[in-house]
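Spelled out, the chains give:
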Amino acid sequence: MDHQTGSRMNLEKREKSAPKRPQAVTRVLSVTSGKGGVGKTHTTTNLGIALASLGYSVLVLDADLGLANVDVLLNLKPKGTLHDVLKGNLRLDDIVLEGPGSISIIPAASGVEELHELKSEAKLLLLEEIERIAYRYDYLLIDTPAGIGSDVMYFNSAAAEVVCVINGEPTSLTDTYALIKVLSSTYGEKNFSVVVNNVADESEATAAFKKLARAVERFLKVQVRYLGWIPTDGVVRECVMRQQAISAEFPSSKASLSIAAIARRVNEQKPDVTLKGGMQFFFRQLLEMTSYGEEASC
Ligand SMILES: Nc1ncnc2c1ncn2[C@@H]1O[C@H](COP(=O)(O)OP(=O)(O)O)[C@@H](O)[C@H]1O
Ligand SMILES: [Mg+2]
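Thresholds applied
Residues numbered from 1 in each chain as written. Chains lettered and ligands numbered in written order. Predicted model: local features only at pLDDT ≥ 70, side-chain atom pairs only at ≥ 80, totals over all residues. Heavy atoms only, no water. Helix = DSSP H or I, 4+ residues; strand = E, 2+ residues; numbered from the N terminus. Buried < 20%, exposed > 50% of the residue type's maximum accessible area, 1.4 Å probe, protein only. Areas by Shrake-Rupley, 256 points an atom, 1.4 Å probe, with all protein chains shown as cover. Pairing = 2+ DSSP bridges. Right-handed = clockwise from strand over helix to strand, strands pointing away. Salt bridge = Lys/Arg side-chain N within 4 Å of Asp/Glu carboxyl O. Expected span 1.5 Å × (residues − 1). Contact = heavy atoms within 4.5 Å. Axes fitted to C-alpha atoms, helices over the stretch in contact; angles between N-to-C directions. Near = heavy atom within 4 Å. Polar contact = N/O pair within 3.5 Å; in protein donor to acceptor, adjacent residues only side chain to side chain. Phe/Tyr/Trp six-rings, centres within 6.5 Å; stacked < 30°, edge-to-face > 60°. Core = buried A, V, L, I, M, F, W, Y, C linked by side-chain atoms within 4.5 Å.

(A) How the structure looks around the overall build of the protein chain. When its secondary structure is counted, the protein chain shows 13 helices and eight strands. Taken over 298 residues, the protein chain has a buried fraction of 52%. Total accessible area on the protein chain stands at roughly 13,700 Å², and carbon and sulfur atoms take up 54% of it.

(B) Structural view of the pairing of strand 8 (residues 224–231). Summarising burial for strand 8: six of the eight residues are buried, a large majority. Direction of pairing for strand 7 (residues 192–199) relative to strand 8: parallel, over a ladder of seven bridges. Bridge pairing in strand 8 places Val196 opposite Trp229. Handedness of the β-α-β unit built from strand 7, helix 9 (residues 202–220) and strand 8 comes out right-handed.

(C) How the structure looks around the pattern of salt bridges. The final tally for this structure, using the stated rule, is seven salt bridges. In this structure, the salt-bridge partner of Asp93 is Arg132, at a minimum N-O distance of 3.4 Å. Highlighted residues: Asp93 in helix 5 (residues 92–95) and Arg132 in helix 6 (residues 120–134), separated in sequence by 39 residues. Connected via shared salt-bridge partners are Arg91, Asp93, Glu129, Arg132 and Arg136.

(D) Region of interest: helix 6. Taking 1.5 Å as the rise per residue, helix 6 with 15 residues should run 21 Å; its terminal C-alpha atoms sit 21 Å apart, in good agreement. When we look at burial in helix 6, the residues that qualify are Ala122, Lys123, Leu126, Leu127, Glu129, Ile130, Glu131, Ile133 and Ala134.

(E) Molecular detail of the sheet that holds strand 4 (residues 104–106). One open sheet accounts for eight strands, arranged 3-4-2-5-1-6-7-8; its pairing is mixed. Each edge of the sheet is formed by a strand with only one pairing partner; in this case those strands are strand 3 (97–98) and strand 8. With five bridges joining them, strand 1 (residues 27–32) and strand 5 (residues 139–143) adopt parallel strand pairing. From the neighbouring strand, Val28 faces strand 5, where its bridge partner is Leu140. Seen against the sheet, helix 7 (residues 150–158) touches strand 1, strand 2 (58–62), strand 5 and strand 6 (161–166) and runs at an angle of roughly 145° to strand 1. In this fold helix 9 packs onto strand 6, strand 7 and strand 8, with an angle of close to 155° to the strand it touches most, strand 8.

(F) Just the site of ligand 1, in detail. Contacts to ligand 1 come from 16 residues, most closely from Gly37, Lys40, Thr41, His42 and Asn197. Contacts to ligand 1 include Pro231, whose backbone N or O atom sits 3.0 Å from a nitrogen atom. When isolated, ligand 1 has an accessible area of 560 Å², and the protein chains bury 82% of it. Elements represented by at least two residues in the shell around ligand 1 include exactly helix 2 (40–53), strand 7, strand 8 and helix 10 (234–242).

(G) Inspection of the packing of aromatic side chains at higher detail. This model, assessed by the stated rule, comprises two aromatic pairs. Here the aromatic rings of Tyr56 and Tyr139 are separated by 5.8 Å at their centres, their planes lie at 90°, and the arrangement is edge-to-face. Within this pair, whereas Tyr56 is found in the loop between helix 2 and strand 2, its partner Tyr139 is found in strand 5, the two being separated by 83 residues in sequence. A relative accessible area of 2% places Tyr139 in the buried class. Aromatic side chains Phe209 and Tyr226 sit 4.9 Å apart centroid to centroid with 45° between the ring planes, which places their arrangement in the tilted category. Highlighted residues: Phe209 in helix 9 and Tyr226 in strand 8, separated in sequence by 17 residues. The same class applies to Phe209 and to Tyr226, which are both buried.

(H) Seen up close, the nonpolar core. By size, the foremost hydrophobic cluster in this structure holds 34 residues, and its most contacted members are Leu51, Val58, Ile103, Ile105, Tyr139, Leu141 and Ile262. Those elements that place two or more of their residues in this core are strand 1, helix 2, strand 2, strand 5, strand 6, strand 8, helix 10 and helix 12 (254–268). Those residues in contact with Ile262 that sit more than four places away from it in its chain are Leu47, Val195, Leu227, Gly228, Trp229 and Ile230. Ranked by size, the runner-up nonpolar core spans 29 residues in total, among them Leu82, Leu92, Ile95 and Phe155.

Set out below in C-alpha cells:
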C-alpha cells in the first residue's frame, strides 16, 4: 500500500470514527509500572499518538489524581480540572484537551482525593462522565500512578488489558513482579503485556522481559506478552524539557519508530472482548471495586 492510499484510508477511518460509535468496542488499556520514573507517561502519550497516526481515535486519561503530569509533559493548559467536574461547575467535555497528534486528554487534577476516597455520588458522577466521553473513541489509555495503591489496582483490574512498563533495573523487575502478583492473586487479572523502555538495545530488552516472564510464569502461573521495547534516546529527554511529544515532533527518531511498532502490535492483538473488555465492563468493574472498600468500612 502506498503512502497516499494509507493516508486516505486513515482519513476515512478517522472521519468514520469521529461521530459517536455506540456499537463499536472501545479498547481500554491501562499503562502501569511497579515503580515511578520508568517512562509510563512518556509511553502512554506517545503510544496514543502512534495509535492515532494509524487512524484510530485515542483518549488518554491521566489517572494519577495525586500528581498530574500528562498536561505538564505536553505543555497543555487545562481549561478546568476534575475538581471542577466533581463540584458540578464544568462538564467533562469542557476540560478534555486536544493534544499533539490529535489525541484527546483528560487531565488529572492535583489535590483531588484518590478515587476510592471520593464519596459515592462524586465517584458515580465522575465515572459516568468519563464513560459518556470514552465511548466515542477507539482506544482509552490510562496513565496510572506507580506502585500498588488502591487506585492503581482498581484502574488496572477494571481495564481489559494491563501494559506494564519496565526498564532493565532489578528494582523495576521486582516491583513489577509485586504488582502482577497482587493483580493476579487478589484481583484475578490474567491479561498482562510488557513494554521494556529506556534500554540500550534489543538484547537488553529481551533479557529483562525474559527474567520477568520466567518469574511470573513459574511462581504466579501468569502469562505475560512481549509488546516491544523503546531504546534510550536523547531526543526523549530533549522533548521532556521542551514539553513536546517525541512521536509527534520526531516521528522518525529511534524511540518513535519503536513506539510505532508497539502500536501496531497492540492493534494486531485483538483481545477476546466477550471474556473481558469494552467500556461497560470497565466502568461497572471500576464502580463496584471502588464502592466495595466504602461498604466494607461502613
Ligand atoms: N526511552 C527513553 N530514553 C531516554 N529517556 C527516557 C526514556 N524514557 C523515559 N526517559 C526519561 O525518564 C523520565 C521519566 O519518564 P516518565 O514517563 O515521566 O516516567 P513515569 O511516568 O513512569 O514516572 C523522562 O522525563 C525522561 O527524561
Ligand atoms: Mg508519570
